[in-house]
Amino acid sequence: MLDGKKAVIFDMDGSLVDSMWIWPEVDRIYMEKYHLTPPETFYKDIEGMSYTETAQYFVDTFQTPGQTREQVMQEWRDMTVELYATKVFPKPGAMEFLKEMKRRGILLGIATSNDREIAEAALNARGLGVYFDSVRTSCEVEAGKPAPDVYLKVAEDLDVAPEECLVFEDIPNGIMAGKNAGMEVCAVYDEFSIKDDEEKRRLADYFIRDFFEIMNHTYEKCRVAE
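Note that the structure is a prediction, hence the values are computed from the model and not measured. Here the residue numbering is sequential within each chain, running from 1 through the sequence in written order. A pLDDT threshold of at least 70 governs which residues receive local features in this predicted model, and a stricter bar of 80 or more applies before side-chain atom pairs are shown or counted, although totals over entire chains, interfaces and linings include all residues. For the side-chain quantities, the full set of heavy atoms in the structure was used; hydrogens and water were omitted.

Asks: Please clarify how the packing of aromatic side chains should be interpreted in this entry.
Replies: For any two aromatic rings, the description comes down to two numbers: the centre-to-centre distance and the angle of the planes. Any pair of Phe, Tyr and Trp rings, taking the six-membered ring for Trp, is counted once the centres come within 6.5 Å. Such a pair is stacked with planes under 30 degrees apart, edge-to-face with planes over 60 apart, and tilted for the rest. In this structure the tally under the stated criterion is 22 aromatic pairs. Relative to Phe-168, the ring of Phe-10 has its centre 5.2 Å away and its plane inclined at 15°; by these criteria the two rings are stacked. Remark: Phe-168 occurs in strand E6 (residues 165-169) and Phe-10 occurs in strand E1 (residues 7-10); sequence separation between them is 158 residues. Using a 1.4 Å probe on the protein chains alone, a residue whose accessible area is under 20% of its type maximum counts as buried, one over 50% counts as exposed, and one in between counts as partly exposed. Overall, the relative accessible area of 0% leaves Phe-10 in the buried class. By relative accessible area, which is 0% here, Phe-168 ends up buried. Our definition puts a charge over a ring when NZ of Lys or CZ of Arg is within 6 Å of the ring centre and also within 35 degrees of the ring normal. For the cation-ring pair, Arg-201 lies above Phe-207, with the distance from its terminal atom to the ring centre recorded as 4.0 Å. Directly above the aromatic system of Tyr-189 lies the positively charged group of Arg-209, at a separation of 4.1 Å from the ring centroid. Going along the chain from the N terminus, every DSSP run of H or I of four or more residues is numbered as a helix, and every run of E of two or more is numbered as a strand.

Asks: Which parts of the structure should I look at to understand the layout of surface pockets?
Replies: The volume enclosed by the largest pocket comes to roughly 620 Å³. Sorting the residues of the lining of the largest pocket by element identifies helix H1 (22-34), helix H2 (42-46) and helix H3 (51-62) as the ones contributing at least two each. By the convention adopted, Pro, Cys, Tyr, Trp, Phe, Met, Ile, Leu, Val and Ala count as nonpolar, Lys, Arg, Asp and Glu as charged, and the other residues, Gly among them, as polar. Classifying every residue of the lining of the largest pocket gives 11 nonpolar, 7 polar and 8 charged. For each structure, a 1 Å grid was placed over the protein atoms alone; sets of points admitting a 1.4 Å probe that cannot get out are labelled cavities, open sets with protein on both sides within 12 Å along at least five of seven lines are labelled pockets, and lining residues have an atom within 4 Å of a point. Grid points are joined across faces, edges and corners, and a volume is the space filled by probe spheres set on the points. Considering only enclosed or pocket space, the second largest pocket measures out at about 190 Å³ in volume. In this structure, the second largest pocket is lined by Met-1, Leu-2, Asp-3, Phe-97, Glu-100, Met-101, Arg-104, Ile-214, Met-215, His-217 and Tyr-219.

Asks: Just to check I follow, could you spell out the pairing of strand E4 (residues 107-112) for this structure?
Replies: Along any regular strand, the residues point their side chains to alternate faces of the sheet. Counting buried positions along E4 yields 5 of 6 residues, so the element is predominantly enclosed. One requirement defines pairing of two strands: DSSP has to find at least two bridges between them. For E1 and E4, the ladder comprises 4 bridges, and the chain directions are parallel. If you follow Ile-9 over to E4, its bridge partner there is Gly-109. Considered for its hand, the β-α-β crossover made up of E4, helix H6 (residues 116-125) and strand E5 (residues 134-137) is right-handed. Looking down the strands as they point away from you, a crossover is right-handed if its path from the first strand over the helix to the second goes clockwise.

Asks: Explain the sheet that holds E1 to me, please; I cannot follow it from the model alone.
Replies: To summarise the sheet geometry, strands pair through backbone hydrogen bonds and adopt either a parallel or an antiparallel arrangement. What the 7 strands build is an open sheet, ordered E5-E4-E1-E6-E7-E8-E9; its pairing is mixed. With one partner strand each, in any of the chains shown, E5 and strand E9 (220-221) form the two edges of the open sheet. Sheet analysis places E1 next to E6, joined by 4 bridges and oriented parallel. Within the sheet, the bridge partner assigned to Ile-9 lies in E6 and is Val-167. Relative to E1, helix H5 (residues 94-104) is tilted by about 155°, and along the sheet it contacts E1, E4 and E6. In this analysis, two residues are considered to be in contact whenever any of their non-hydrogen atoms come within 4.5 Å of each other. An axis is simply a line fitted to the C-alpha atoms; with a helix, the fit covers only the stretch in contact. Between two such axes, the angle follows the N-to-C directions and lies from 0 to 180 degrees. In the packing of helix H8 (residues 172-180) onto the sheet, contacts are made with E6 and strand E7 (184-188), and the angle to E7 comes to roughly 165°.

Below you can see the structure in the form of structure tokens.
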């Protein structure tokens, strides 16, 4: 999996840290507060969107009186920063894997759809921030996932070619973003996206249930990589 790779780039939520559980609860509280009813396609609609794009989706879809995109974003920050700082933890084996990558001299990056303030709260609370040579959000590029922009931006920061990067992602649109960037992608198991596991295997080069599988050489090689 790591042969020929100079950099490893992680999506954050659901890939590096167990945090996807936060957002359905935030959505529930927010919608209840403003008496909103989500469309049936809600979660598929917002999959892979940047924090900014998701807030704009809320403004456009629900047309809540007096709520601007910036106000929506700030309300979500107020609801989530403390949760990320106190109740979000790394995926099993993630810390050990990061330490091993540093030992090998592999560059590390974050390419997240989340807000920068929230991302930094999550990374710094668990001592993860010191491992990363680049942290970028989809709000800082032209388009969110499945567009490749945020992955290409991290590769540019690290001064490595896309084909020299390995990506870790937990949702189909994120996997597609990595593949669209010309990178190999390892899908990461996450309870939140368990219904998409077969699609994730179809899109990705590899599949893991935790990061110990990489070090134990027990990860799955997916059909796309054969």
